[in-house]
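# A structural walkthrough
Now for the letters of each chain:
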2 protein chains.
Amino acid sequence: MGSPTSRLAGQPGSSGAIGAPTRRHPESLDLVARWGRHPEDLGEAALAFLAENVGIASPWPLSDPAGWQVRESALTPDEVGELQRIAGDGGVLLDPASRIAWTGGASYADYAARRDGRIGVRGEAGDVPDAVVLPRHHDDVVALLAACRRHGLAVVPFGGGTSVVGGLAAHGRRIAVGMDLMASLVSVDEVSCLATVGAGITGPRLEPLLAARGLTLGHLPQSWQRASIGGYVATRSSGQASTGYGRVEDMVESLRVATPEGTLDLGRGPASAAGPDLRGLLVGSEGSLGIITEVTLRVRRLPTESRYEGVMFPDFASGCAAFRDLAQGRASADVMRLSDEAETAVTLAMSGPRGVTGAAFGRYLGARGVAGGSLAILGWEGTDGDQVRDRRAAAWRVLKRHGAVSLGRRVGRSWRKGRFHGPFLRDTLLDLGYLVETVETAAHWSGLADLHGGVTDSLRASLGPRPGPYVMSHVSHVYETGASLYTTVIAVADRADPVGQWHRAKYAVSEAIVSRGSTITHHHAVGRDHAPWLAQEIGPLGVDVLAAVKSRLDPDGIMNPGVLLPREDRRAR
Amino acid sequence: MGSPTSRLAGQPGSSGAIGAPTRRHPESLDLVARWGRHPEDLGEAALAFLAENVGIASPWPLSDPAGWQVRESALTPDEVGELQRIAGDGGVLLDPASRIAWTGGASYADYAARRDGRIGVRGEAGDVPDAVVLPRHHDDVVALLAACRRHGLAVVPFGGGTSVVGGLAAHGRRIAVGMDLMASLVSVDEVSCLATVGAGITGPRLEPLLAARGLTLGHLPQSWQRASIGGYVATRSSGQASTGYGRVEDMVESLRVATPEGTLDLGRGPASAAGPDLRGLLVGSEGSLGIITEVTLRVRRLPTESRYEGVMFPDFASGCAAFRDLAQGRASADVMRLSDEAETAVTLAMSGPRGVTGAAFGRYLGARGVAGGSLAILGWEGTDGDQVRDRRAAAWRVLKRHGAVSLGRRVGRSWRKGRFHGPFLRDTLLDLGYLVETVETAAHWSGLADLHGGVTDSLRASLGPRPGPYVMSHVSHVYETGASLYTTVIAVADRADPVGQWHRAKYAVSEAIVSRGSTITHHHAVGRDHAPWLAQEIGPLGVDVLAAVKSRLDPDGIMNPGVLLPREDRRAR
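These figures come from a predicted structure and were not determined experimentally.

### Looking at the sheet that holds strand S7 (residues 185-189) of chain A
Reading across the sheet, the five strands line up as S7-S8-S12-S10-S11 (chain A) and stay open at both edges, with antiparallel pairing between neighbours. A single partner strand is all that each edge strand has here, and the edge strands are S7 and strand S11 (262-266) of chain A. Pairs of neighbouring strands in the sheet enclose a mean axial angle of 10°, with direction left out of account. Pairing of S7 of chain A with strand S8 (residues 194-198) of chain A involves four bridges; the strand directions are antiparallel. The residue bridging Val-188 of chain A from the neighbouring strand is Ala-195 of chain A, located in S8 of chain A. Docked against the sheet, helix H19 (residues 531-553) of chain B engages strand S10 (252-259) and S11 of chain A, running at close to 145° with respect to S11 of chain A.

### With respect to the pairing of strand S12 (residues 291-298) of chain A
All names here are of chain A. Within S12, six of the eight residues are buried, which leaves it mostly tucked inside the rest of the structure. Relative to S12, S8 runs antiparallel, the two being bridged by five bridges. Considered in S12, the bridge of Leu-194 is made with Arg-298. By the bridge criterion, six bridges tie S10 to S12 in an arrangement that is antiparallel.

### A few points about the environment of Ser-374 of chain A
Residue and element names in this part refer to chain A. Note on placement: Ser-374 falls in strand S16 (residues 374-382). Beyond its immediate sequence surroundings of up to four residues, Ser-374 is in contact with Val-311, Met-312, Phe-313, Pro-314, Asp-315, Phe-316, Leu-338, Ser-339, Asp-340, Glu-341 and Thr-344. One polar contact links the side chain of Ser-374 to the main-chain amide nitrogen of Phe-316, over a distance of 3.2 Å.

### Remarks on the interface of chain B and chain A
Between chain B and chain A, the residue contacts involve 90 residues of the former and 90 residues of the latter. Summed over both partners, the interface of chain B with chain A buries about 6,800 Å², with 55% contributed by carbon and sulfur atoms. Together, Arg-268, Arg-330 and Leu-541 of chain B form the three largest contributors to the area buried by chain B at its contact with chain A, with a combined 12%. Counting the contacts that link chain B with chain A gives ten salt bridges. Residue Asp-384 of chain B pairs with Arg-397 of chain A through a salt bridge whose shortest N-O separation is 3.0 Å. The interface formed by chain B and chain A includes 52 residue pairs in polar contact (both at pLDDT 80 or more). Ranked by the residues each element gives to the side of chain B that touches chain A, the list is headed by H19 of chain B, at 13 residues. Split by residue class, the side of chain B that touches chain A holds 34 nonpolar, 28 polar and 28 charged.

### Some remarks on the nonpolar core
When a protein is soluble and globular, its nonpolar side chains tend to lie buried together. In this structure, Ile-175 of chain A together with Ile-175 and Phe-323 of chain B are the most contacted members of the largest nonpolar core, which totals 227 residues. Aside from chain neighbours lying at most four places away, what touches Ile-175 of chain B is Leu-83, Pro-129, Ala-131, Val-133, Leu-144, Cys-148, Leu-153, Ala-154, Val-155 and Val-156 of chain B. Core analysis: the second largest hydrophobic core is formed by 50 residues, Leu-326, Leu-459, Trp-502 and Ile-513 of chain A among them.

### Section: the relation of the copies chain B and chain A
One copy of the chain maps onto the other through a rotation about an axis plus a displacement along that axis. Least-squares fitting of chain B to chain A yields an RMSD of 0.0 Å, with the transformation described by 0.0 Å of translation along the axis and a rotation of 180°. Read as a symmetry element, the transformation amounts to a two-fold axis. Interface residue correspondence from chain B to chain A reaches 100%, placing this contact among same-surface, isologous pairings.

### A word on the sheet that holds strand S3 (residues 92-93) of chain A
Residues and elements named next belong to chain A. Spatially, S3-S4-S6-S5 is the arrangement adopted by the four strands of the open sheet, whose pairing is mixed. Here the strands that pair on one side only, and so sit at the sheet edges, are S3 and strand S5 (154-158). As paired elements, S5 and strand S6 (residues 174-178) share five bridges and run parallel to each other. Within the sheet, the bridge partner assigned to Pro-157 lies in S6 and is Val-177. Across the face of the sheet, helix H5 (residues 138-151) comes into contact with strand S4 (131-133), S5 and S6 while running at roughly 175° to S6.

### Considerations on the pattern of salt bridges
The full count for this structure, using the stated rule, is 59 salt bridges over all chains. Between Arg-149 of chain B and Asp-556 of chain B there is a salt bridge, with its nearest N and O atoms 2.8 Å apart. Separated by 407 residues along the polypeptide, Arg-149 of chain B in helix H5 (residues 138-151) and Asp-556 of chain B in the segment after H19 bring together distant segments of the chain. Among the charged side chains, a network of salt bridges with common partners joins Arg-149, Glu-261, Arg-552 and Asp-556 of chain A together with Asp-544 of chain B.

### A word on the packing of aromatic side chains
What the rule picks out here adds up to eight aromatic pairs over all chains. Their ring planes at 80° and their centres at 5.2 Å tell us that Phe-49 of chain A and Tyr-470 of chain A sit as a pair that is edge-to-face. With a gap of 421 residues between them, Phe-49 of chain A in helix H1 (residues 44-53) and Tyr-470 of chain A in strand S19 (residues 470-475) connect regions that are remote in the sequence. When its relative accessible area of 12% is taken as the criterion, Tyr-470 of chain A is described as buried. A ring pair is formed by Tyr-308 of chain B and Trp-415 of chain B, whose centres lie 6.3 Å apart and whose planes are at 20°; its orientation type is stacked. On the criterion of sequence distance, the pair formed by Tyr-308 of chain B in strand S14 (residues 305-313) and Trp-415 of chain B in helix H15 (residues 409-418) is long-range, its members being 107 residues apart. Exposure remark for Tyr-308 of chain B: the relative accessible area of 5% places this residue in the buried category. Since its relative accessible area comes to 14%, Trp-415 of chain B is described here as buried. The aromatic ring of Trp-60 of chain B is capped on one face by Arg-115 of chain B, whose charged end is 5.8 Å from the ring centroid. A cation over an aromatic ring shows up here: Arg-426 of chain B above the ring of Tyr-111 of chain B, its NZ or CZ 4.3 Å from the ring centre.

### What about the environment of Leu-541 of chain A?
Its location among the elements puts Leu-541 of chain A in helix H19 (residues 531-553). Separated by 374 residues in the primary sequence, Leu-541 of chain A and Gly-167 of chain A place their C-alpha atoms 23 Å from one another. Setting aside residues up to four positions removed in sequence, Leu-541 of chain A forms contacts with Thr-259, Glu-261, Gly-262, Thr-263, Leu-264, Arg-552 and Leu-553 of chain B.

### Observations regarding unusual backbone geometry
Residues and elements named next belong to chain B. A positive phi angle is found at Arg-236, which is not glycine, with a value near 55°. As for its position among the elements, Arg-236 is in the loop between helix H7 (229-234) and helix H8 (242-245). Judged by its relative accessible area of 5%, Arg-236 is buried. Unlike most non-glycine residues, Glu-286 shows phi in positive territory, near 55°. Here Glu-286 shows up in the loop between helix H10 (279-282) and strand S12 (291-298). Look at Glu-286 and you get buried, because its relative accessible area is 6%.

About the criteria used
- Within any chain, residue numbers begin from 1 and follow the written order of that chain's sequence.
- Chain letters start at A and ligand numbers start at 1, both assigned in the order the entries are written.
- A pLDDT threshold of at least 70 governs which residues receive local features in this predicted model, and a stricter bar of 80 or more applies before side-chain atom pairs are shown or counted, although totals over entire chains, interfaces and linings include all residues.
- With hydrogens and water excluded, all non-hydrogen atoms of the structure serve as input to the side-chain values.
- In this description, strands pair whenever DSSP reports at least two bridges between them.
- Secondary structure is summarised from DSSP: a helix means a run of H or I of at least four residues, a strand means a run of E of at least two, and numbering begins at the N terminus for each.
- Under this scheme, a helix contributes an axis fitted over its contacting stretch, all axes are lines through C-alpha atoms, and angles between N-to-C directions fall in the 0 to 180 degree range.
- Here, residues are in contact when the closest pair of their heavy atoms is within 4.5 Å.
- Throughout, exposure labels follow a simple rule: accessible area from a 1.4 Å probe, protein chains only, divided by the maximum for the residue type, with under 20% read as buried, over 50% as exposed, and the rest as partly exposed.
- Side-chain atoms alone can form a polar contact between residues adjacent in sequence; in general such a contact is a pair of N or O atoms within 3.5 Å, and within protein one must be able to donate a hydrogen while the other accepts it.
- Once two parts are joined, some of their accessible surface, as seen by a 1.4 Å probe, is lost; buried area is that loss totalled over both.
- What makes a salt bridge here is a side-chain nitrogen of Lys or Arg within 4 Å of a carboxyl oxygen of Asp or Glu, nothing more.
- Any residue that is not Ala, Val, Leu, Ile, Met, Phe, Trp, Tyr, Cys, Pro, Asp, Glu, Lys or Arg is counted as polar, Gly included; the first ten are nonpolar and the last four charged.
- Nonpolar core, defined: a set of buried Ala, Val, Leu, Ile, Met, Phe, Trp, Tyr and Cys residues in which side-chain atoms within 4.5 Å join the residues together.
- Least-squares superposition aligns the copies on the C-alpha atoms of those residues with pLDDT at or above 70 in both.
- Stacked, tilted and edge-to-face are the three classes applied to pairs of Phe, Tyr and Trp rings, where Trp contributes its six-membered ring and a pair requires centres within 6.5 Å; stacked means planes under 30 degrees apart, edge-to-face means over 60, and tilted covers the rest.
- Comment: the charge-over-ring label is applied if NZ (Lys) or CZ (Arg) is within 6 Å of the ring centre and within 35 degrees of the ring normal.

By themselves, these are just geometric observations and shouldn't be taken as functional.
Structure, rendered in structure tokens:
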């Protein structure tokens, strides 16, 4: 924090793109624009839409990493030696570029601060970890945590670095533990559809290995390209196909966790009544109790048949009613996504000349009574073509009752092609000078419309004045009792104080959510950003229970301090 | 324990049936044979089968309750006064009959001891609670626990009294908290398919109230007639239709728990990523952390279409392969039950002349290649007839690949009619002098055959010599990665030491289960009986985590002491 700093050596001085440290993800890592831009720029129609509906912004240049300063590592030679004895010489990275690469996450606040050269956590200049350690085995991690405990070092477990809630945001003397070298497919039980993996493996690495055995995990969050399986589990993540494939907690058969007090091996067989579910206590623990090192995942037979299609509803309300009817009628598709009118409009406007827009298409929608309506994507998958066909037929018996019109398979294919573009698009919008942030929650069906209104209004009020912000939402995770609500907001960035602007909006929308009895997060986790609202969600006694568990597993409070629990009972020295 | 005892006053001296205390379940409660006998006795064929395959037993008479002695209540007048101020004069029962009625559970050890007049927990003469308290409101329960804490009284939460694992087995100065007066349907959200209930309500009371609104819970354990919803949740229960309707933990949207340290309200909306799942920590907590007072349940639309049928496989192995294929092919039925060859044989033998046996039937099975095979019951339910038909067709495409032969709907109907007879049949077998006990676990598909062999062999070895015992199993809860295994054993009871005989078998089979990496219980909970194996299942550090949670919520250890955790860190005075 007040430490001496060193210039970032050996970096190209021009673009900000400096390439990945050798052991990082194979994809190139852009230290500033973390995700990297999508090759396709926004078209003219999209730019015009933004200017008209959000406002005129001015380009937001990227800071030049050549000028970045990071504090020097505060580790003593003895401490470095001990870490090296555990992880090997090559497993302890002390160079500034690596320490930057393993700092912070992918929230708007992270992006905005980094873009302005305020690297490090929450914009505090140069506050990066003192070392990055890359363990190779579970026992290394156990030894590492014991060493950190002895030396009073905080530990930030680091998978893909994709937290959007300040989940990688410790301060002070600390190490980042990169899971990159614990990223193998350990074993597969093809009879039981189980795959054991090192927690550092990513979806894009795992899925081809599973596909070779006729299997798939089917967990497809937007952070797909970078997030690790351990990160999915630690944050209680949910993917785009969760309606059919389940949330990540539904995919964890068992898991192995290294804690400062030793190892936990949890989960025996497909189901158990042997007391409380301790797996569920570690899933969603966000690195605050230990490091998940190995996960045995429930995997599925790789679908041989799939059918994705676009569907248009007269409005968002009728689409929600249809989705409810599908879920409660046991006729859910595997992917179910419903955009509100605002998101539908922007989807049509931004998709450009090769997209689904065009005068003829508009006339078609108008003739079917769904112009200006709500766009949905429905996808069915399976290994039995007749079953996929029958399931779709059952769904369409429901959909027809709610005025749905099919837009055909082309729209479905187009959505699948672009399904992971969101994070890339964010960098493009930041380049143009726009704030873009997402908020997600969930509600019972009976409260969904009110929640949708409350979220929209609070973002509009806190990020005004007109013409922006543009607020748009979708439902993408459907349950029998309710659904998720995922809202994207685009506003002209306040370049004088982008983090302050974001913070005010975050506060307003979080209050709108929690005051309605909804959850502060459906699939992004708590991190630091949602921690102030956790006590309202689980009660002060609930927070005390979590603190008691943390005290037992992490008595010195070294694990990802400040994350999850709204206060820190103890801190690392 | 060494307390003065008083004769049970005002009881009829003949049959042992003394009628229920007024506030108990509406069904008559037999203090000795807790469940009561089924009106239909076993037929001649069944008796011959037992004699041939288990051995000759001699009738086991019921002890006469007129001779029972219970210790006098150890509560002081001040303590009684305080309980009465909380629960009302009528809410504190001190008479011996009530104190007996709210003692112990429904395990073989409970039954055998009670049959021989050793009422009270685990056969310790007369060790019944000092009072039964029947609170009416959540706040009463909070006040009650605070009072018990002040006075050093242990608390045994008591739903239907159906624990088969010693879950209601505290010793010493204690009260039983009966949930009978907190048994209403509190509210229904028909849009979201949610029903909030008082934890004391039973399935037979709840289902008609839900059916009137076109809804159902669909949780159908064998303890159906007596068990409470709160008991289901506290023991992580699973019903006969769990493959389609889910385990009880899948049915809990939110719950309210009174603990000695205050109230926990857990669960917001259909899903959340707001940290660890604390609901999952209270589900399965077996009264050791607090008393579940209210549960908001996920309910389903009441099926209007159903199709149940009998299916015969050539053998248990091919049936298991088919069930696996169904689960992994997303073609599961809602009810799936597969008997091994031994259970199939006894089902056919015991079902009598009106059942599925008979020479013509045997010739039919022989002609189809499945004589001596494995009987399965499959049931599909829904509100869309076409969907039920399509789902059944998808299942049959799988079943045919495994040599299955349909036995038609009559066998399915017969199973549904008798689905809750098991507990009644147990009393009948005890009358005849037979030990009858059930053991249940679960395994991955790849380990199921080995587990089946290990369970069978351990019971045979520990309950020999020949001809008995008779050991038979079924799979009744099916998951993508594995299945439950439920084993029934019948042996000639050792009348000199029935509990010791049971204990040796329990030890042998539990070791066989745990040594194979399987769970000590799939849906019966831990109680006292499984507590010695919990540390092997969740590890010593896992046990410590549970103890830390208990310390935070129940610092004086008054809640159901001795249950769940294998040791008691602290005990009530």
